[in-house]
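Coordinate analysis (summary)
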Amino acid sequence: MTAVAVSDEQAPEPLARRVAQILAESGGDGSAVDRHIAAAEQAVARLLREESTSRASALDLLAADALATYAFELAADAPDAIPDLAVHAMARFAALAAAAPGA
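Below you will find a few notes about this structure. (Residues numbered from 1 in each chain as written. Predicted model: local features only at pLDDT ≥ 70, side-chain atom pairs only at ≥ 80, totals over all residues. Heavy atoms only, no water.)

Overview of the overall build of the chain
From N to C terminus, the chain includes 5 helices and 0 strands. For the chain, the N- to C-terminal ordering of α and β elements is α-α-α-α-α. In terms of overall dimensions, the chain is globule-like: its C-alpha atoms have a radius of gyration of 13 Å, near the 13 Å expected for 103 residues. Viewed in the frame of its principal axes, the chain has a C-alpha envelope of about 40 × 30 × 20 Å. (Helix = DSSP H or I, 4+ residues; strand = E, 2+ residues; numbered from the N terminus. Rg over C-alpha atoms; globule rule 2.2 N^0.38 Å.)

Pasting the structure below:
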């Protein structure tokens, strides 16, 4: 299962397109799970860096959330790895908050 396949089934068209675009732009190596977490992290980092808090940035924030969600859906094939994935993902996202302007 890929993010595009998941998003095609579950997300509105604009969100599905933005998820696919962010995932493609992020590049990255590793497993599909790792690529999705990295793409979500990069999207949130950009929003924080640009201090994008307006309604205009809502689609990017939703896409980042969807990417993180899809990462966990992809990880469902290896449920024993999910606790470690959760700790790893939360550490990455928490580091973003600590580095955000005004933090």
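So, the side chain of Arg 18
In this structure, Arg 18 sits in helix α2 (residues 13–26). Classification of Arg 18 as buried rests on a relative accessible area of 14%. (Buried < 20%, exposed > 50% of the residue type's maximum accessible area, 1.4 Å probe, protein only.)

Focus on the environment of Ala 64
Structurally, Ala 64 can be placed in helix α4 (residues 58–75). You can call Ala 64 buried: its relative accessible area is 3%. When the C-alpha atoms of Ala 64 and Gln 42 are compared, they prove to be 8.4 Å apart, with 22 residues separating the residues in sequence. Setting aside chain neighbours within four positions, we find Ala 64 in contact with Ala 40, Ala 43 and Val 44. (Contact = heavy atoms within 4.5 Å.)

A word on the packing of helix α3 (residues 32–49) against helix α5 (residues 82–99)
Each pair of packed helices can be described by the angle between their axes along with the distance between the axes. Close contact between α3 and α5 brings their axes to 10 Å; oriented N to C, the two are set at 15 degrees. One finds that α3 runs roughly parallel with respect to α5. As for how α3 packs across α5, the hand of that crossing is right-handed. The residues of α5 that touch α3, namely those facing Val 33, Ile 37, Ala 38, Ala 40, Glu 41, Val 44, Ala 45 and Leu 48, are Leu 85, Ala 89, Arg 92, Phe 93, Leu 96 and Ala 97. Tallied by class, residues from the contact of α3 with α5 come to 12 nonpolar, no polar and 2 charged. (Axes fitted to C-alpha atoms, helices over the stretch in contact; angles between N-to-C directions. Parallel < 35°, antiparallel > 145°, perpendicular 65-115°, else oblique. Left-handed = near helix turned anticlockwise from the far one by under 90°. Nonpolar A, V, L, I, M, F, W, Y, C, P; charged D, E, K, R; others polar.)

Everything listed here is a matter of coordinates, which is why it stays silent on function.
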